[in-house]
Amino acid sequence: MYTGLQHAHSGLAYLVLIALIVVIFLMLIGSLSGREFTEKDRKIALIAFILSHVQLLLGLILYFVSPVGLSLLQGGGAMSDPAARLTALEHPLINIVAIVLITIGYSRAKKAQTSRAKFRSIYMLYAVGLVLILSRIPWSAWLG
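The residue numbering used here restarts from 1 in each chain and proceeds along that chain's sequence as written. Thresholds applied to this predicted model are a pLDDT of at least 70 for local features of residues and 80 or more for the giving and counting of side-chain atom pairs; totals over whole chains, interfaces and linings are not thresholded and use all residues. Water and hydrogen atoms play no part in the side-chain values, which are based on all heavy atoms of the structure.

An account of the confidence of the model for the protein is requested, with residue identities and associated values reported.
Predicted coordinates in regions of low pLDDT should not be interpreted in detail. Along the chain, pLDDT gives the predictor's confidence residue by residue, from 0 to 100. Residue-level pLDDT values for the protein average 91, and 96% of them are 70 or greater. For the purposes of this entry, the term helix denotes a DSSP run of H or I that reaches at least four residues, the term strand denotes a run of E that reaches at least two, and both are numbered from the N terminus. For the protein, helix α3 (residues 70–75) is the element with the lowest average pLDDT, namely 70, and helix α5 (residues 115–135) is the one with the highest, namely 97.

Following this line, the structure appears as structure tokens:
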């Protein structure tokens, strides 16, 4: 089970990153071009929203069943080791904040009155969320 969750979490990460980049790009173009926010735009943003939430759910499950997640914090030495601190604290905490920002961006866009405000809400908060996600990816484990 652990290996399957680990592969799912790693594989879905590529889809989440691609979806966020595409949504940010499309919403930025929509805002700059002055076109109307359509149902298609909402659905595209919703896809990235759902993928990021599924990724968070997989990550949280993995955190509690993994031998290196929560157990690193309980062991006591995680704060002095940068790799252990990233795995045990920084990666999950910053990614939760990123998903909260993405959620706020999507929710604000649903309530916004103008198309430009809808586009801006999505591309700005999704972009901040993406930057936070990229900042806490364990690149040495992911690429190596």
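Go over the layout of surface pockets with me, naming the residues and quoting the values.
Only protein atoms enter the 1 Å grid used here, on which a cavity is any set of points holding a 1.4 Å probe that cannot leave and a pocket is any open set flanked by protein within 12 Å on both sides along at least five of seven lines; residues with an atom within 4 Å of a point are listed as lining. Grid points are joined across faces, edges and corners, and a volume is the space filled by probe spheres set on the points. Estimates place the volume of the largest pocket at around 790 Å³. Around the largest pocket, the lining is made up of 29 residues, and of these H9, S10, L62, H91 and P138 lie nearest the centre. When contributions to the lining of the largest pocket are tallied by element, the ones reaching two or more residues are α1 (2–33), α2 (39–65), α4 (82–111) and α6 (139–143). As a working rule, the residues Ala, Val, Leu, Ile, Met, Phe, Trp, Tyr, Cys and Pro are called nonpolar, Asp, Glu, Lys and Arg charged, and the rest polar, with Gly in that last group. Residues of the lining of the largest pocket, tallied by class, amount to 17 nonpolar, 12 polar and no charged.

Lay out the packing of α2 against α5 with the relevant residues and their values.
To get an axis, a line is fitted to the C-alpha atoms, and for a helix only the part in contact is used. The angle between two axes follows their N-to-C directions and goes from 0 to 180 degrees. Packing of α2 against α5 brings their axes to within 11 Å, and their N-to-C directions diverge by 20°. Of the possible angle classes, the one that applies to α2 and α5 is roughly parallel. As α2 packs across α5, the resulting crossing turns out to be left-handed. Where α2 abuts α5, its residues D41, A45, A48 and F49 lie against F119, I122 and Y126. Tallied by class, residues from the contact of α2 with α5 come to 6 nonpolar, no polar and 1 charged. An angle counts as roughly parallel when it lies under 35 degrees, as roughly antiparallel when it exceeds 145, as roughly perpendicular when it falls between 65 and 115, and as oblique in every other case. Handedness of a crossing follows from how the near helix is turned relative to the far one, being left-handed for an anticlockwise turn of less than a right angle and right-handed for a clockwise one. Should any heavy atoms of two residues lie within 4.5 Å, those residues are considered in contact.

Describe the environment of P67, listing the residues and the values that go with them.
Positionally, P67 belongs in the loop between α2 and α3. Exposure categories follow from relative accessible area, calculated using a 1.4 Å probe and restricted to protein chains: below 20% of the type maximum is buried, above 50% is exposed, and the middle band is partly exposed. Using a relative accessible area of 57% as the deciding quantity, one classes P67 as exposed. Sequence separation between P67 and L51 is 16 residues, and the spatial gap between their C-alpha atoms is 25 Å.

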